Amino acid sequence: MSITLTLIGQSITFLAFVFFCMKFVWPALINVMQEREKRIADGLDAAEKADKDLELAKQRASEQLKEAKAKAAEIVEQANKRANQIIEEAKEQAVVEADRIKAAAQAEVDRSVSQAREELRGKVASLALVGAEKVLGASVDEKAHSDMLNKLAAEL
Amino acid sequence: MASEGEALTSTGYIQHHLQNMVYGKLPAGYVRHNADGTHTTLEADTWTLAHTYQEAKDMGFMALHLDTLGWGLFLGLVFSFIFHRVAKRAKAGKPTGLQSFVELVVEFIDNTVKDIFHHKNKLIAPMALTIFCWVFLMNLMDLIPVDWLPWAAQKISGDSHLFFKVVPTTDPNATLGMAITVFILMIFFNIKEKGLWGFTKELTCHPFFAPKKLWYLNILLIPVNTVLETVALIAKPISLGLRLFGNMYAGEMIFILIALLFSAGIVLGVVGGVLQWGWAVFHILVITLQAFIFMVLTTVYMAMAHDTHDDDH
């Protein structure tokens, strides 16, 4: 229990271990720990950023959805309008066509009537001629009287 | 544990446990008493192992406590080896097993040092780590039953009278050796940070200093300051070393006293076993606390060495 050289020996040992620790142990461990700390901090930052991005993306998605819905509604409305327009046009066309057909039919009728009239007129003339022949009992010079008869037929 | 020549008394047992294995110089003309009763007179200065308490005492300062130094070195190497291996293999990724434990210790030390020491010095934190782990390991040897390792050493060496003290921190040489190293570093950093003049001023102009008007009072105050500050300065390493030594020595002594019960019959032996277990559990706290105190005080002293009193003078 006396103070001996051991004191100095222990001092040297102590310094040697402290030096070893300072050179080869402490810096390496502290570096590793600091690096991990940084990594964790970066990871947390990234997570936060990702959260924010997600929020933004959600917002954008909902906006786009809204826009798309609005556009769809517009398109449907336009389509409806167009359909109505087409129907209107078709109706108009039908009316026009009907009118046209009616007019054509009318023209046909008119043409038939006038034709029939012409025929009748011709027939009347010839009938009148035949009747007159019969009445007169004599032959009528067809050439002499045809102008008169034609005039008569025209007057009919 | 005593040799055939001595009676196995309680005093002898305790004394034997408190004696270091001393390797030292015996002067020429020294008369050695051998175990078989013969005497040998040394013709020249001889470096040898002390066989008796008297020889150990007569070696004086020129002696090495082989057990203290050996266990200190071994435990320091254990600490250095484990921490260095972990430090070399450490990855910044997920830590596992031993690395987690080592990082836990390092972080604990780092935080403690950062709380106390606010200057830039690359030595302080590693020194705190070394002190904490090394002192803790040396204290931990106290928990090994007191007879195991000495018994093993006696069997291995074949010398039934071999002195073998296992706990380095129960040797004042070990604790004071560390404390004196801390003291030298303290002085070194004091002078490095404040300059020789600043350090001298701190020793002579604190805590009492008269203002300029009463300058002549300082002639009286400076000697007072010097005495006070010097005592305070010297007391630091002494108290640092003796605190650790005292605590561990007392703990070891109680273990030895408890161990005495084992030879006093089966009932007392069982009581001794229970007591030893209880004291060991309590001692776990003591050894950790003492290691921590040694580390914290060292850091505090280093911080004081770096702190300059800018507000005064």
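Residues numbered from 1 in each chain as written. Chains lettered and ligands numbered in written order. Predicted model: local features only at pLDDT ≥ 70, side-chain atom pairs only at ≥ 80, totals over all residues. Heavy atoms only, no water.

Is there a simple way to think about the side chain of B:Gln290 in this case?
Residues and elements named next belong to chain B. As for its position among the elements, Gln290 is in helix 9 (residues 265-306). Judged by relative accessible area, Gln290 falls into the buried class, the value being 7%. Not counting the four nearest positions on each side in its chain, Gln290 is found in contact with Asn139, Arg243, Leu244 and Asn247. (Helix = DSSP H or I, 4+ residues; strand = E, 2+ residues; numbered from the N terminus. Buried < 20%, exposed > 50% of the residue type's maximum accessible area, 1.4 Å probe, protein only. Contact = heavy atoms within 4.5 Å.)

Looking at this structure, I do not really get the environment of B:Thr40. What am I missing?
All names here are of chain B. Relative to the helices and strands, Thr40 is located in strand 3 (residues 39-41). For Thr40, a relative accessible area of 35% gives the class partly exposed. Sequence separation between Thr40 and Tyr30 is 10 residues, and the spatial gap between their C-alpha atoms is 8.2 Å.

Would you mind going over the nonpolar core with me for this structure?
The nonpolar side chains of a soluble globular protein tend to be buried, and buried together. Ranked by size, the top nonpolar core spans 66 residues in total, and within it A:Phe14, A:Leu29, B:Phe83, B:Val106, B:Ile109, B:Leu129 and B:Met302 carry the most contacts. Looking at this core, the elements with two or more residues in it are helix 1 (6-136) of chain A together with helix 3 (66-89), helix 4 (97-116), helix 5 (124-140), helix 7 (172-204), helix 8 (217-260) and helix 9 of chain B. The element that contributes the greatest number of residues to this core is helix 5 of chain B, accounting for 12 residues. B:Leu129 has contacts with A:Cys21, A:Val25, A:Trp26, B:Phe79, B:Phe83, B:Val105, B:Val106 and B:Ile109, leaving out every residue within four places of it along the chain. (Core = buried A, V, L, I, M, F, W, Y, C linked by side-chain atoms within 4.5 Å.)

Explain the interface of chain A and chain B to me, please; I cannot follow it from the model alone.
Buried accessible area, meaning the area lost when the parts come together, often serves as the stated size of an interface. Contacts between chain A and chain B engage 31 residues on the former and 53 residues on the latter. The interface formed by chain A and chain B holds one salt bridge in total. A salt bridge links B:Glu103 to A:Arg36; its shortest N-O distance comes to 2.6 Å. At the junction of chain A and chain B, the tally comes to 12 residue pairs in polar contact (both at pLDDT 80 or more). Of the residues that constitute the side of chain A that touches chain B, the class distribution is 20 nonpolar, seven polar and four charged. (Salt bridge = Lys/Arg side-chain N within 4 Å of Asp/Glu carboxyl O. Polar contact = N/O pair within 3.5 Å; in protein donor to acceptor, adjacent residues only side chain to side chain. Nonpolar A, V, L, I, M, F, W, Y, C, P; charged D, E, K, R; others polar.)

I tried to follow the confidence of the model for chain B on my own but got confused; where do I start?
Reading fine detail from the predicted coordinates is not recommended where pLDDT is low. All names here are of chain B. Averaged over chain B, the pLDDT score is 87; the fraction of residues at 70 or greater is 96%. Put simply, strand 2 (residues 31-33) is where chain B has its lowest mean pLDDT, 81, and helix 5 is where it has its highest, 95. For residues 1-6, every residue scores under 50 in pLDDT, and the model assigns this stretch 14 contacts once sequence neighbours within four places are set aside. Per the prediction output, this complex has pTM 0.76; the corresponding ipTM is 0.88. (pLDDT = per-residue confidence, 0-100.)

Whenever I open this one, the environment of B:Leu261 confuses me. Can you help?
With respect to the helices and strands, B:Leu261 occurs in the loop between helix 8 and helix 9. For the pair B:Leu261 and B:Gln276, spaced 15 residues apart in sequence, the C-alpha to C-alpha distance is 9.9 Å.

How do you make sense of the packing of helix 7 of chain B against helix 8 of chain B when you look at a structure like this?
Any two packed helices are characterised by how steeply their axes cross, that is the angle between the axes, and by the distance between the axes. All names here are of chain B. Where helix 7 meets helix 8, the axes come as close as 8 Å, and the angle between the chain directions of the two elements is 155°. It follows that helix 7 is roughly antiparallel to helix 8 by the angle criterion. Taken as a pair, helix 7 and helix 8 cross one another with a handedness that is right-handed. Here the residues of the contact of helix 7 with helix 8 are counted per class, giving 18 nonpolar, six polar and three charged. (Axes fitted to C-alpha atoms, helices over the stretch in contact; angles between N-to-C directions. Parallel < 35°, antiparallel > 145°, perpendicular 65-115°, else oblique. Left-handed = near helix turned anticlockwise from the far one by under 90°.)

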